[in-house]
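Structural overview
Spelled out from the first residue to the last, the chains are:
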Amino acid sequence: MPELPEVETIKRGLEKHLVGHKILEVKILDLKIFSGKKENLINGQVLAIKRVGKGLIIEFTNEYSLAIHVKMTGQLIYQGPKAMPLSPKVGGVLPNKHTRVIFILDRSAKLFYNDVRRFGWLKVILKNDVMSLPFFKGMGPEPFKDLTVEYLEKIFSKINTPIKTLLMDQAKIGGIGNIYANEALWQVKINPKRMANELTRSEVKRLYKAIHDVMEESIRHGASSSENYVDALGQEGRYQEHFEVYGRTGEQCNRCGNKIERIVIGGRGTFVCMRCQV
DNA sequence: ACCTAAACCTGGGCGC
DNA sequence: TGCGCCCAGGTTTAGG
C-alpha cells in the first residue's frame, strides 16, 4: 500500500520529471475522484511537489495547488516524449481501463492518474487552503521530520489502544500504514496487540528507530510493490522482497523459524511471529 | 472524548 | 465454466 516511502518515492520522481512542465489540458475520465475546477490548472506551470504524510501536493506558479491522495491503488505516472517500458502493473500501455485523469503537458509529455478501486482523490484548491483540507489538517508529526521519541512516549502513555492501531493513526503519527507498522514491530520484537501505554521507555526508543530504519530501507529499494504500487515512471519497487512479516502468512520467521501468523487487529490484517514478538 | 466498526470500491482468489 | 463469497485497506463517517 502506498505509505510514506511509496509516496515519497513518487514525490521524488515527480520533482525530477514534472517540475517545470505546463499543463495544457486536463481530461477527467472519472468524475468521482476529481474535485475543484480543472480550468485553474490550465497554463499553470508546476513549481514544486510536496508530501504530507501519505498525501501529495503539486504546487503551480499561479495561486493553485493540486492535492492528491492515491489511497491503496492509485498510480501517478509521468510519460515523456520518449516512451519507456512500463511495469505489468500498469498494463504496459497508457491510458488503460483504470486511467481516471490524463494531464496533457507541454513538450509532448503526459501525466496519468490510474486507480483500480477509485478510492483516491485529486482536488484543485487554492494554495492557502490546502492545509485546511480535513486530511492535511489532522496530520500528526512525521518520521524524518518532526516526530520525536519524547512525543511518542507522551502519546503512548495516555492512549489505550493496541500499539499497531496507534502507529497507523495518521492524526497521531503521519505516514505509517499497515506494511511498515507490521515490519517495524517485528524488528523490535513487540507484539502488535500490546497496549501502547504498556510499552517501556526502551521499547519506545527502539520502536522509534525501527520505524525510521524500515522506511529508510524501503526508500533505498524503491519502496514496496506488494500490491500495485509503481513509481512516477511506472516502475516497480523492490522492498517487498525484504518483508519479514507482511503478507508472509505460513512462512518461516527469519529470526526464530516459527510460522508467521495472520491475525486481525482493529479490523485490519496483521502479521506477526507469535514466538519472538512478545 | 475516546474507541470501534462499517462504508467506500474493484479485482483476484477460492470453494463448490 | 461460472457463480457467490471473502479479502485487500486509508480515510471518513456513524455509532456505542
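Parameters at a glance
- Residues numbered from 1 in each chain as written.
- Chains lettered and ligands numbered in written order.
- Predicted model: local features only at pLDDT ≥ 70, side-chain atom pairs only at ≥ 80, totals over all residues.
- Heavy atoms only, no water.
- Buried < 20%, exposed > 50% of the residue type's maximum accessible area, 1.4 Å probe, protein only.
- Helix = DSSP H or I, 4+ residues; strand = E, 2+ residues; numbered from the N terminus.
- Domains from an automatic or database assignment.
- Contact = heavy atoms within 4.5 Å.
- Buried area = accessible area lost by both parts, 1.4 Å probe.
- Nonpolar A, V, L, I, M, F, W, Y, C, P; charged D, E, K, R; others polar.
- Core = buried A, V, L, I, M, F, W, Y, C linked by side-chain atoms within 4.5 Å.

This part covers unusual backbone geometry. With omega at 0°, the peptide bond leading from Leu94 into Pro95 counts as cis. Look at Arg118: it is not a glycine, yet its phi comes out positive at around 60°. With relative accessibility at 32%, the residue Arg118 sits in the partly exposed group. Non-glycine residue Ala223 carries a positive phi angle of around 70°. Looking at the element boundaries, Ala223 is found in the loop between α6 (201–220) and β10 (261–265). Classification of Ala223 as buried rests on a relative accessible area of 0%.

Before going further, it helps to examine the domain arrangement of chain A. Splitting chain A by domain gives domain 1 (4–137) and domain 2 (149–272). Centre-to-centre, using C-alpha coordinates, domain 1 lies 27 Å away from domain 2. Listed per partner, the contact involves 27 residues of domain 1 and 23 residues of domain 2. The three residues of domain 1 that bury the most area against domain 2 are Pro5, Glu6 and Lys89, which together make up 28% of that side's buried surface. Of all the secondary structure elements, the ones that give two or more residues to the side of domain 1 that touches domain 2 are α1 (4–17) and β6 (74–79). Ranked by residues supplied to the side of domain 1 that touches domain 2, first place goes to α1 with 10 residues. The residue makeup of the side of domain 1 that touches domain 2, split by class, is 14 nonpolar, seven polar and six charged.

Of all hydrophobic cores here, the largest spans 38 residues; its most connected members are Leu152, Ile155, Phe156, Ile163, Leu167, Ile176 and Leu207. Here Ile163 is in contact with Phe156, Leu185, Ile190, Asn191, Pro192, Arg194, Met195, Ala196, Leu199 and Leu207, once residues within four sequence places are set aside. Among the nonpolar cores identified, the runner-up in size contains 32 residues, and Phe34, Val46, Leu76 and Ala223 belong to it.

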